[in-house]
Structures are given as structure tokens and as C-alpha cells.
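Single-letter residue listing:
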Amino acid sequence: MKAPIPMHIPDGFLSIPVAGILWLVSLVFIFIALKKAGKEIGGNKLPLVGVLAAAIFAGQMLNFSISGGTSGHLLGAALAVLLVGPWTAVLIMTSVVAVQALVFQDGGILTLGANLFNMAVVGMAVAYFVSSLFRRWFGNSRWAILLTAFAAGWFSIFIAALAASLELAFSGTSPANIAIPAMGGVHALIGIGEGLITLGAVSLLMASKPQLIEQDSKEPVKSSAVWIAGLIFTAVLLVCSPLASSKPDGLEWVAEKLGFLIMAQDASYHIIPDYVMPGIQNEALATIAAGAIGVLIVIAVVTLLARRGKLAENK
Amino acid sequence: MIEIEKLSYSYEDGRTALAALNLSVSTGEKIALVGPNGAGKTTLLLHLNGILRGEGIVRVGGEIINERNLSKIRAEVGLAFQSPDDQLFSNSVYEDVAYGLIYQGAPAGMIKDRVAAALEMVGMPGCEGRSPYHLSLGEKKRIALATVLVMQPRVLALDEPTAGLDPRGRRGIINLLAGLEQTLIIATHDLGLAKELCPRMVIMDAGRIIYDGSTMVAFQNPALLEKHGLTDYYIDS
Amino acid sequence: MPTGIVQRASYLRGSSILHRCDARIKIALLISFLLTAAFLPIGAWVVYALMGGLLLVAMLASELPVSVLLQRALVLEIPILLVLLPQLFLQKGNFVVLTVIKGFQISFSMSSLVRITSLLIRSYLSLGFTVLITAVTRFEDLLAAMRACGLPRMLASIFALMWRYLFVLIEEMERMTQARASRSAVPVNSGMRAGGSFGWRAQVTGGMAGALLLRTLERSERIYQAMLARGYDGEVRLGHASEPLTWGQKAAMLLMLLMGAALVLIANGMNGA
């Protein structure tokens, strides 16, 4: 039996306030999505949304080996955004994540709000933000679309994982300096898989049904709210995470920040000397290193694709 | 070439798919595997290269299939699925046919030549650049066959190679198979194909082998065919 | 030949009192149990035991094999254990030094041991109860109950459609994966480095996802036509409408919530003492 993707937070992991607030936030977003997508999809696209949700669920079972027993999976938020637009994507991811929690117990019920927030709301907003930005920068050439697919996939996973680890930290479940490098590091790598799978799927769809991909760039989706939300999530999480990891206890950190306390060295908190528990420190370093390498690879791939894209356009 | 001893397999809900099967196939033999829907034909085929692993022994080329030689066995036994859609998932015919060779790490030049040769063999030369999505069912079936042939397996296990094809497409596949030298195991409802291609016939029903012998002898026993859901053909012809 | 995931789909057939109970009541029961477990303080052992007893009684009432249910919950507990365990060595507090073998010592803090054990028990209780409720309730009933509790119509329709095609698509997915596996082969003594590059493997997987989506789109068109042909009027039917809850049922739901709240209060009181 496969262990569930660590992105699904189980019950007992989040504090009640964190879980409650995120339930509320997710409900608000789903409510808006229902209103907005109602216009987008109408009656005749309802089967599409339902079956697409089933397909993304099934697609999540696709795995491919990365190395030594680790395997990459698809989340699908970016793919859904690229295929059917942001609001419909929220509904699709909501169905997938909810059924996973209700029927397969991937992720808890109380934490479902948080999981919906991470995978449906953040995943969607980030993917939409990144794809709009990239479309604006690189246009609509074949290379630009593929580049967009990759970047949307990577960022949606990475930022969603950061959100999850911040939630764990704020709940006091897992100190931020462990959760963020661990989740971030692993998902920086998993994100590359997600990016490449999204890219592969989009390139296949472009070859066989190009109108599917081009469609949503033709009709200008005026979803500035999503755009701004995506920007905010990306910025807040990217800035917050390193700061939070520099201070172990998320709640303490926030208290200090809010109270404008001087960041004093917390003497009572210490990692025990490594001769007692060998490997722990190195492990933390290793995950940070993995994260850094992941980021570097993504930057490299993105610049490479961008340059090839430019070349292709110049031809 | 292939020896199966007391092979049993049950679905997860407990239904029996294969019940203590014994089957032995020599090199170069051409066997038709027939029987009603749900008889266990596909399940049996999936055991030939270790996709499914039931209880009992499956030997390929004298070696018992196990976790370690799985990859080697799959190079020797090529499996073509009933629905070509299960096998075609790339941008172009070329990428789909080349998959097995790229996985093996073959050099680029060799891949190109062998893909071209495989496409030639299935009667679709020069279609490397086409998208599999836009092919007709008959063409897809040929390409799916090419994806397996390109790996040059010693045994070909085919699941319903002619199902859903128009008469001309069916004829094309039969002629193609007739020209192959490999050991062939064909699960099919197409008794005409069995008669034409396979001297030996294995009739399965409810996970058991009911008959294993000459195809011609089986055709002379209408009661046997009728009992295992193969009557319609018998009346028609 | 669906494997794995389908097996994990949790509904187990039965005709016990829990199976027959109204799905809305079961949802309320589940939510009160989860909330209670989540609100319990650290180290409230007596109340944990009480909740455990409750869980066990409910499991027995389901007439399902209790060991199967407990095992399912245990499997789900493993990732939680993996996340929590390292913290044993990282938290503040008084350290206890334990000599396991000569020359190899483990030190951990007592307070974090208490905390982690409490978290593990609490999550196991929650998981156990979720496993139980989803094992005795069909998804269709769960959905109808959620619809009755105010789940928007469109979302309910999407859930229903998704559920109907989920297993079909999972099977399709698995056949595709099998087809890929059967061509992922290495001949004897080829001397070549097999497996292909990371990027290529991911792209092939992407191609499979794309192929699945493409077939799904076509399928959704056929479904829509079939729905129209049968007089589709905008709502996917979710079975017969639920009857309104009786006062007794409503009272029972309230009672459950109150009981949970009482447990939380007692636990907090005991900890304070």
C-alpha cells in the first residue's frame, strides 16, 4: 500500500483555530467558485467537470520512479487550471480532495478545510497567477505554453507544500524549522515531477486537440481576484517560510512579531548534540540542500525553455 | 518456451479468475485461446510476463518468473492489450513505438531503424510523425502491435487482436500475424482467425482449461463449442 | 483488475444498526466525535480511554470485523507516527537518558513523550471513528445527507458524477500502467543503461495523464448526450429525497454534541486539578 502524499494533512495534526479558519476560507472560495463557474460551465459542461474530477483523481495514481523507491505523483491543480480555468479548477480539486478524505481517508475531516485550502485554493490561485504572468511575458507560442505548464505545475506544488508546513507550524504540531525544509525540500523535487507531467500532458493535448489549450487564452478570463490572491499567496509564503524556519516555534514567532519583541535567542529550545542522535542535523541540512537544488533546477529548466522558446519564435 | 503449473489467481473480491491451470507452450507454436467473456483469458495473458502474479509457477524459457528477472522476462514476452488506447499515450506514433527501446537505453540510431522496420511490418510505414489520437481503430491496433514488435520479443501474447475491426482491417491483422515467426498466444473470440492461424486451440471457461488440442478436432465437436459459448459462430458458418 | 485504491474504498456491506442509521445522524456523530477528540487536552488519559471504549462499542455495533477496522486505522496512522517521532528528540524540557545498548544512548524529553503519545492516541481515535463511519455508510447516502445539510446542488452533482466514473477511470489508468510496465523491459546482457532519463519518464507519465484526459473529455460528451437522451433537466439525481429529521433524531444529535463538550470540560478539569 502506498503511503498517501504527505500533502494530505490527517486529523489531529492541526489545532482547532487553524483548521477552523481554513475551513471558513475554503468555504468562501468554493462558494465564489460555484457562483463564477456556474456561468462558465452551465448545464452542458457539468458532466465534463465531474468526469474530469474523476480523471484527475485517477491520474493521481500515476506514478513514475524518481530514484530508489521514491516516486513522483501528479496533483493536477495546474493541469485543471490550464484546461478549464481557475474557478472550475477549484470545483474539480474540491471534489477530488473531499472524496479522498471521505472515502479513502487521505487527509482528515476536520483538516479537510486546510487540505482544500492548500490543494484547491492555493494550488489553483498559484497556478493561475503563474500561468497568467508567463503568458504575459512569453506570449502564446508552443514553447511559451509548455514553459507555462511546467512552471504552473512546479509552483502550485511547492507553494501548496509551504502552506501545509506553515499550517503545521502554526498548530504547534511540527516546528517550522523542521516542517518547512522537510516539506519544501521534498516538494521542490516532487514539483519538478509535477511540472514535467503537466508539461507532458499539455504537449500531448496540443498535438491531438490544440483547441483545448488555446481556448482559454482566447477568451480573456477576467479573474483579477484570483490573480491577486495567487500573487499574495506566493509572496506571503515565499517570504514567510524562510523567516518562520529561522524561528522554530511558529506560534512563538508570530507572537514575537506581533508584539514587536526582540528576537531573543530561545535558550530552552535546543537541538540535542549530534553525538547523541547522529544524523538528525545532517538530515535537516540534506533536506534544505535538496530544496535549494530543486529551486536551482527549476530556474535552470525555466531559463533553458525560455531561451529555446525565443529561438523557436525567431525562426 | 512457456510452462505453467497449477496457476491460480483470485480477484480481490474473492472471485476465482484462474483455477490451478496447467499449460505448456513450445517454441514457435501458435495457440488460440478461446472461451466466453470472463473465462480468464486476459488474466492468463497478464501472467505470462508477470504483470499479475498468482499462485503457482510460470516458467518462461526455463526460468521461473520472480521479482528479479521480471524485466528480462518482459523483454522476451511481448503483450499487446485488447484496447490499443491503453498502449498509446504519446504525442506521436514514433514516441509510442520507441518507448520500449528508449527504456532499454538503446542508441538513437538503432531506435530509429527499428521503429521504421516495425511500422513497415505492420503495414504503416512512414507514419512516425502522426498523432496516435487521430488514427482509426484499425490503425491504432497496428501501431499497438508495432510497439510490441519493435522490442523483438520471442513470444507474442495478443489480447483480441481483431476485435472491433472492419473485415479489411481484420484481414490485414491476420495476414500480418501469419507472417510472424514468434511463438504466438492469441486470446480471441474470432474463431475464423483461430482456424486460419493456430493449429492448437485452448478453450477456457470459468478459470479452467476445458480443452487443449487440435483446432480442427475442436471444430468437429459442436457440442463442446456450444457448451462454452462459442455457438453463434458454429451456426453462422 | 482494480487493485489497491479500490480496496481502500471503505464501505463494507452489512445490515447492522449502524448501517441502517440515517446518514445525517452518522455525519453528526462523526463530527461530534472528531471535534471532541480535537479539543481534548494533552495527557487526558482517562478520557482517551473512555473515547476508546466508545469507539470499540461502536465498532462492535457495526457487526463488521473489528480487527479489519482497527487495522485500516493503523495503516493510516503510520505517516503520522513518522512525522511525530523525530520530535521526541527535539523538544524542550527535561531530558531522560536511556541506555539501549552499551555505548549507545538515547535521550528524549519527558514532556514531549507525553505530548506525542497524546497526539498519536487522539489521531488514532479520530481515524478509527472516520474509518468506522465511512465503512457503514454508502457514498451515495453520505452525499444525499450532505445535500440535505446544505451542500450546493452543483457541487453535489459534480460529486455524484465523479463517483460514478471514478472506478471506471481508475481501471483505465491501471490498464495503461500495466501496458507501460509490460514494455518496460531489459533484455539479457544488453549492457545498456535502462530506465531512460528522469525527464523522459516524467514526460511519458504526462503523456499518459494527457491521454486519460483526452478520453475523459470524449466520454463526458457522450455522457452529456446520454443524459439529454434520458431527459436531463439540470440536476443529477441523487436517489430519493431524504425525509425531514424527527424531533427525536434532532435531540439525539444535540445530545451527542453536548456529551462531547462535557468530555472536553471534564478532561480540562482533571488536567487542571
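Worth saying up front: this structure is predicted, and the values here are computed from it rather than measured.

*Asks:* So what exactly am I meant to see when it comes to the overall build of chain B here?
*Replies:* Helices and strands together make up the secondary structure of chain B, namely 10 helices and 10 strands. Here chain B, with 237 residues, has 57% of them falling under the buried criterion. In chain B, the share of contacts with a sequence separation of at least 24, taken over all contacts with a separation of at least 6, comes to 61%. When the accessible surface of chain B is summed, it comes to about 9900 Å², and 49% of that surface belongs to carbon and sulfur atoms.

*Asks:* Honestly, unusual backbone geometry in this entry has me stumped. Any pointers?
*Replies:* Glycine aside, the phi torsion of most residues is negative, and most peptide linkages are trans. All names here are of chain B. Phi at Ala-20 is positive, roughly 45°, even though this residue is not glycine. Tracing the sequence through the fold places Ala-20 in strand β2 (residues 16-25). Under the relative-accessibility criterion, Ala-20 is labelled partly exposed at 44%. Here the phi dihedral of Gln-152 falls at roughly 50°; this positive angle occurs in a residue that is not glycine. Considering the arrangement of structural elements, one finds Gln-152 in the loop between α5 (137-149) and β7 (155-159). Judged by relative accessible area, Gln-152 falls into the exposed class, the value being 52%.

*Asks:* Can you walk me through helix α3 (residues 77-84) of chain A in this structure?
*Replies:* Structurally, the α-helix is built with 3.6 residues per turn, so residues lying three or four positions apart point the same way. All names here are of chain A. Of all eight residues in α3, eight are buried, a share of seventy percent or more. Along α3, the residues that are buried comprise Ala-77, Ala-78, Leu-79, Ala-80, Val-81, Leu-82, Leu-83 and Val-84. Once α3 ends, the next one or two residues include Gly-85, with phi positive near 90°.

*Asks:* How do you make sense of the pairing of strand β6 (residues 77-80) of chain B when you look at a structure like this?
*Replies:* The side chains of a regular strand alternate between both faces of the sheet. Residues and elements named next belong to chain B. Burial along β6 is two-sided: Val-77 and Leu-79 facing one way and Gly-78 and Ala-80 facing the other are all buried. Bridging between β6 and β7 involves four bridges; their strand directions are parallel. Paired with Gly-78 across the two strands is Leu-156, which belongs to β7.

*Asks:* Explain the pairing of strand β3 (residues 30-34) of chain B to me, please; I cannot follow it from the model alone.
*Replies:* Along β3 of chain B, five of the five residues are buried, which leaves the element largely enclosed by surrounding structure. Neither face of β3 of chain B is left uncovered, since the one carrying Lys-30, Ala-32 and Val-34 of chain B and the one carrying Ile-31 and Leu-33 of chain B both have all their residues buried.

*Asks:* Where do I start with the packing of aromatic side chains in this structure?
*Replies:* Working definition: an aromatic ring pair is given by the centre-to-centre distance plus the angle between the planes. For the coordinates displayed, the defined rule picks out 12 aromatic pairs over all chains. Summarising the aromatic geometry, the rings of Trp-163 of chain C and Phe-167 of chain C are spaced 5.1 Å apart at their centres and angled 90° between planes, so their arrangement reads as edge-to-face. Taken together, the residues span about one helical turn, with Trp-163 of chain C and Phe-167 of chain C both in helix α8 (residues 153-183) at a distance of four residues. Its relative accessible area of 16% is what places Trp-163 of chain C among the buried residues. Overall, Phe-167 of chain C belongs to the partly exposed group, its relative accessible area being 22%. Following the ring pairs from residue to residue traces out a cluster consisting of Phe-89, Tyr-99 and Tyr-103 of chain B together with Trp-200 of chain C. Seen from the ring of Phe-219 of chain B, Lys-195 of chain B lies directly overhead, with NZ or CZ sitting 4.8 Å from the centre.

*Asks:* Mind showing me how you'd approach the sheet that holds strand β9 (residues 200-205) of chain B here?
*Replies:* Each strand in a sheet pairs with another by means of backbone hydrogen bonds, the pair being arranged parallel or else antiparallel. Residues and elements named next belong to chain B. Taken in spatial order, the six strands of this open sheet run β6-β7-β8-β3-β9-β10, and their pairing is mixed. Unpaired on one side and paired on the other, β6 and β10 (208-214) mark the two borders of the sheet. Strand-to-strand twist across the sheet, computed as the mean angle between neighbouring axes with direction ignored, equals 15°. Alignment of β3 against β9, held across four bridges, turns out to be parallel. Looking at β9, one finds that Ala-32 is bridged to Met-201. Sheet strands touched by helix α1 (residues 41-48): β3, β6, β7, β8 (183-187) and β9. Its angle to β7, the strand with the most contacts, is close to 150°.

*Asks:* Before we go on, may I ask you to explain a nonpolar patch on the surface in this structure?
*Replies:* All names here are of chain A. Taken together, Val-28, Phe-31 and Ile-32 make up a surface patch of nonpolar side chains, about 260 Å² in accessible area. Topologically, Val-28 is positioned in helix α1 (residues 16-41). Under the relative-accessibility criterion, Val-28 is labelled partly exposed at 48%.

*Asks:* Explain the pattern of salt bridges here, please?
*Replies:* Where charged atoms of side chains with opposite charge meet at close range, the side chains can pair. Under the defined criterion, the tally for this structure stands at 17 salt bridges over all chains. For Glu-3 of chain B, the salt bridge goes to Arg-59 of chain B, with nearest N and O atoms at 3.2 Å. Placement of Glu-3 of chain B in strand β1 (residues 2-10) and of Arg-59 of chain B in strand β4 (residues 55-60) is noted, with a sequence separation of 56 residues between them. The exposure class assigned to Glu-3 of chain B is partly exposed, which follows from its relative accessible area of 31%. Here Glu-172 of chain C ties to Arg-215 of chain C by a salt bridge, and the two come within 3.6 Å at their closest N and O atoms. Residue Glu-172 of chain C is found in helix α8, and its partner Arg-215 of chain C is found in helix α9 (residues 198-229); the two are separated by 43 residues along the sequence. On the accessibility criterion, Glu-172 of chain C (7% relative accessible area) is buried. One network of salt bridges, in which partners are shared, links Asp-86 of chain B together with Glu-172, Arg-175, Arg-215 and Arg-219 of chain C.

*Asks:* Teacher, can you tell me more about the interface of chain A and chain B here?
*Replies:* The figure often quoted for interface size is the accessible area lost as the parts come together. Listed by partner, the interface residues are five residues for chain A and six residues for chain B. Here chain A packs against chain B, burying approximately 450 Å² in sum over the two surfaces, 51% of which is carbon and sulfur. Area buried by chain A at its contact with chain B is led by Leu-204, Ala-207 and Ser-208 of chain A, which between them contribute 75% of it. For the interface between chain A and chain B, the tally reads zero salt bridges. Across the contact surface, chain A and chain B share three residue pairs in polar contact (both at pLDDT 80 or more). Taken together, the residues of the side of chain A that touches chain B break down into two nonpolar, two polar and one charged.

*Asks:* What is the right way to look at the packing of helix α2 (residues 46-59) of chain A against α9 of chain C in this model?
*Replies:* Relative placement of two packed helices is described by the angle separating their axes and the distance separating the axes. At a minimum axis distance of 9 Å, the contact between α2 of chain A and α9 of chain C shows a crossing angle of 150°. Two packed elements cross with a definite hand, and for α2 of chain A against α9 of chain C that hand is right-handed. Between α2 of chain A, through Pro-47, Leu-48, Val-51, Leu-52, Ala-55, Ala-58 and Gly-59 of chain A, and α9 of chain C, the contact on the second element is made entirely by Leu-212, Leu-213, Thr-216, Leu-217, Arg-219, Ser-220, Ile-223, Tyr-224 and Met-227 of chain C. Broken down by class, the residue content of the contact of α2 of chain A with α9 of chain C amounts to 12 nonpolar, three polar and one charged.

*Asks:* Help me understand the confidence of the model for chain C, please; the structure alone is not making it clear to me.
*Replies:* For any part of a model where pLDDT is low, the fine detail of the predicted coordinates should not be relied upon. Looking at chain C as a whole, the pLDDT averages 77, with 78% of positions reaching at least 70. Per-element confidence in chain C is highest for helix α4 (residues 45-61) of chain C, whose mean pLDDT is 89, and lowest for helix α1 (residues 5-8) of chain C, whose mean pLDDT is 56.

*Asks:* Even after reading the chapter, I still don't get the nonpolar core, so can you show me in this structure?
*Replies:* Most often, soluble globular proteins have nonpolar side chains that are buried together. Formed by 168 residues in total, the largest nonpolar core has its most connected members in Val-99 and Val-202 of chain A. Each of domain 1 (10-87 + 115-137 + 243-272) and domain 2 (151-182 + 199-239) of chain C contributes no fewer than three residues to this core. Leave out the neighbours within four places in its chain, and Val-202 of chain A touches Leu-79, Leu-82, Ile-145, Leu-146, Ala-149 and Ile-213 of chain A.

Thresholds, definitions, all that
- Every chain is numbered on its own, with residues counted from 1 as its sequence reads.
- To read the labels, note that chains go from A and ligands from 1, taken in the order they are written.
- Per-residue local features are limited, in this predicted model, to residues with pLDDT of at least 70; the limit for side-chain atom pairs, both in listing and counting, is 80 or more; totals at the level of whole chains, interfaces and linings are taken over all residues.
- With hydrogens and water excluded, all non-hydrogen atoms of the structure serve as input to the side-chain values.
- Put simply, DSSP H or I for four residues or longer makes a helix, DSSP E for two residues or longer makes a strand, and each gets a number counted from the N terminus.
- We call a residue buried when its accessible area falls under 20% of the maximum for its residue type, exposed when it is over 50%, and partly exposed in between, using a 1.4 Å probe and counting protein chains only.
- Residues are treated as being in contact if the distance between any of their heavy atoms lies within 4.5 Å.
- The Shrake-Rupley method, run with a 1.4 Å probe, gives the accessible areas here. Residue values count only the displayed protein chains as cover.
- Strand pairing is assigned whenever DSSP identifies at least 2 bridges connecting the two strands.
- Pairing of aromatic rings covers Phe, Tyr and Trp, the last counted by its six-membered ring, and requires centre-to-centre distances within 6.5 Å; plane angles under 30 degrees mean stacked, over 60 mean edge-to-face, and any other angle means tilted.
- Placement of a positive charge over a ring is assigned whenever Lys NZ or Arg CZ falls within 6 Å of the ring centre and within 35 degrees of the normal to the ring plane.
- Working convention: axes come from line fits to C-alpha atoms, limited for helices to the stretch in contact. Angles between N-to-C directions cover 0 to 180 degrees.
- Like charges within 9 Å and nonpolar side chains (Val, Leu, Ile, Met, Phe, Trp, Tyr) within 5 Å are joined into patches, using only residues over 30% in relative accessible area that form no salt bridge.
- Counted as salt bridges are all cases of a side-chain nitrogen of Lys or Arg within 4 Å of a carboxyl oxygen of Asp or Glu.
- Two parts placed together each lose some accessible area under a 1.4 Å probe, and the buried area is that loss summed for both.
- Whenever a nitrogen or oxygen atom comes within 3.5 Å of another N or O atom, the pair is scored as a polar contact, on the condition that within protein one atom can donate a hydrogen and the other can accept it, and that pairs from neighbouring residues in sequence are kept only if both atoms are in side chains.
- Note that Gly is not counted as nonpolar here; it falls among the polar residues with everything else outside the nonpolar set of Ala, Val, Leu, Ile, Met, Phe, Trp, Tyr, Cys and Pro and the charged set of Asp, Glu, Lys and Arg.
- For any pair of crossing helices, the crossing counts as left-handed if the nearer helix is rotated counterclockwise from the farther one by less than a right angle, and right-handed if it is rotated clockwise.
- Across the chain, each position has a pLDDT score giving the predictor's confidence in that residue, from 0 to 100.
- We call a set of buried Ala, Val, Leu, Ile, Met, Phe, Trp, Tyr and Cys residues a nonpolar core when their side-chain atoms join them within 4.5 Å.
- Source of the domain bounds: an automatic or database domain assignment.

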